[in-house]
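One letter stands for each residue in the lines below.
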Amino acid sequence: MTSNSSIPGVTSSSASILGKNYLKQVDVIITDWVTGPELLISTKRMDSSYGKNAPNRIEESYGDAKNLRLRHPLAALGFLFGLRSDILEKEPKTAEWLFDLLAKLGREDDAYHSTCLVLMEYSTDPVLPAADEEEPVDGILEPGPQPVTDPAESEIAHLAESTIESVVKALPKVSILVERTPDELSPARFLTSLVTRVLAATPVNMHEEARQRRSTVLPKR
């Protein structure tokens, strides 16, 4: 979570923000007392049982998008979906269906402004538990930063630096299959569209450094 102030603040890895009807935990947020929420990004990951879990992930995402969009219409709303690439061989029809619905999530007026697919290729099972096997959070969410609930994350947080390095080295090597990702869901397009929306919704005397950096990479017309 960062702010528009001269000294950005960083807090919990996730936070709960009030939508139209209920609190929603988001993974990336840019907000400030002056502007309110400017950027809200939700993420999900799926490593297995694609046909079983994909419909649930999509249904949840539609509801969450509408809940946030109705209370924060000016905020740039994004959804990033991490997916193990073996779905392309194991369940190609499910992959085609999922890609189509992810793209539609970023087109509709009451859903996300932009959606993203990160196709992850790795040959061994991850050390951390798969996201689609995590238990739901018990009880009603409270507003603000959320405590770490993942047992693996809690354990890693208390490890010595040398031990953390060993754990990181033991993680599988991950490749992002950009060439297999539909253009409409590419990470580059996703980030560009969200940055553009944030800057378009604020005066030119805000986010000046971001505007300057953007002007140096965009082609001149």
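Residues numbered from 1 in each chain as written. Predicted model: local features only at pLDDT ≥ 70, side-chain atom pairs only at ≥ 80, totals over all residues. Heavy atoms only, no water.

Concerning the overall build of the protein
If you tally the helices and strands in the protein, you get seven helices and eight strands. Within the protein, buried positions represent 37% of all 221 residues. Partitioning the contacts of the protein with sequence separation of at least 6, the portion at a separation of at least 24 is 72%. Taken as a whole, the protein presents about 13,600 Å² of accessible surface, with 56% of it coming from carbon and sulfur. (Helix = DSSP H or I, 4+ residues; strand = E, 2+ residues; numbered from the N terminus. Buried < 20%, exposed > 50% of the residue type's maximum accessible area, 1.4 Å probe, protein only. Contact = heavy atoms within 4.5 Å. Areas by Shrake-Rupley, 256 points an atom, 1.4 Å probe, with all protein chains shown as cover.)

Some points on the packing of helix 6 (residues 187–200) against helix 7 (residues 208–217)
Describing two packed helices takes the angle between their axes plus the distance from one axis to the other. Direction vectors running N to C along helix 6 and helix 7 enclose 130°, while the axes themselves pass 11 Å from each other. Taken as axis vectors, helix 6 and helix 7 run oblique relative to one another. Crossing of helix 6 over helix 7 shows left-handed handedness. Residues Val-195, Thr-196 and Leu-199 of helix 6 touch helix 7, and the partners they reach there are Ala-210, Arg-211 and Arg-214. Class assignment for the residues of the contact of helix 6 with helix 7 results in three nonpolar, one polar and two charged. (Axes fitted to C-alpha atoms, helices over the stretch in contact; angles between N-to-C directions. Parallel < 35°, antiparallel > 145°, perpendicular 65-115°, else oblique. Left-handed = near helix turned anticlockwise from the far one by under 90°. Nonpolar A, V, L, I, M, F, W, Y, C, P; charged D, E, K, R; others polar.)

Notes on the pairing of strand 5 (residues 76–84)
Counting buried positions along strand 5 yields eight of nine residues, so the element is predominantly enclosed. Sheet analysis places strand 4 (residues 39–46) next to strand 5, joined by eight bridges and oriented parallel. Looking across to strand 5, one finds that Leu-40 is bridged to Leu-77. Once you follow strand 4 into helix 1 (residues 50–71) and on to strand 5, the crossover reads as right-handed. Of the strand pairs in this sheet, strand 5 and strand 6 (residues 114–121) are connected by seven bridges, and their pairing is parallel. Counterpart to Phe-81 in the pairing with strand 6 is Leu-117. (Pairing = 2+ DSSP bridges. Right-handed = clockwise from strand over helix to strand, strands pointing away.)

Things to note about helix 6
With 14 residues, helix 6 should cover 20 Å at 1.5 Å per step; its first-to-last C-alpha distance of 20 Å lies within 8% of that length. What helix 6 keeps buried is the set Phe-190, Leu-194, Val-198 and Leu-199. Considered in projection along helix 6, the buried side chains sweep an arc of 150° and stay on one side of the axis. For helix 6, the exposed residues lying more than 90 degrees away from the buried face are Ala-188 and Ala-200. (Expected span 1.5 Å × (residues − 1). Arc of directions from axis to C-beta.)

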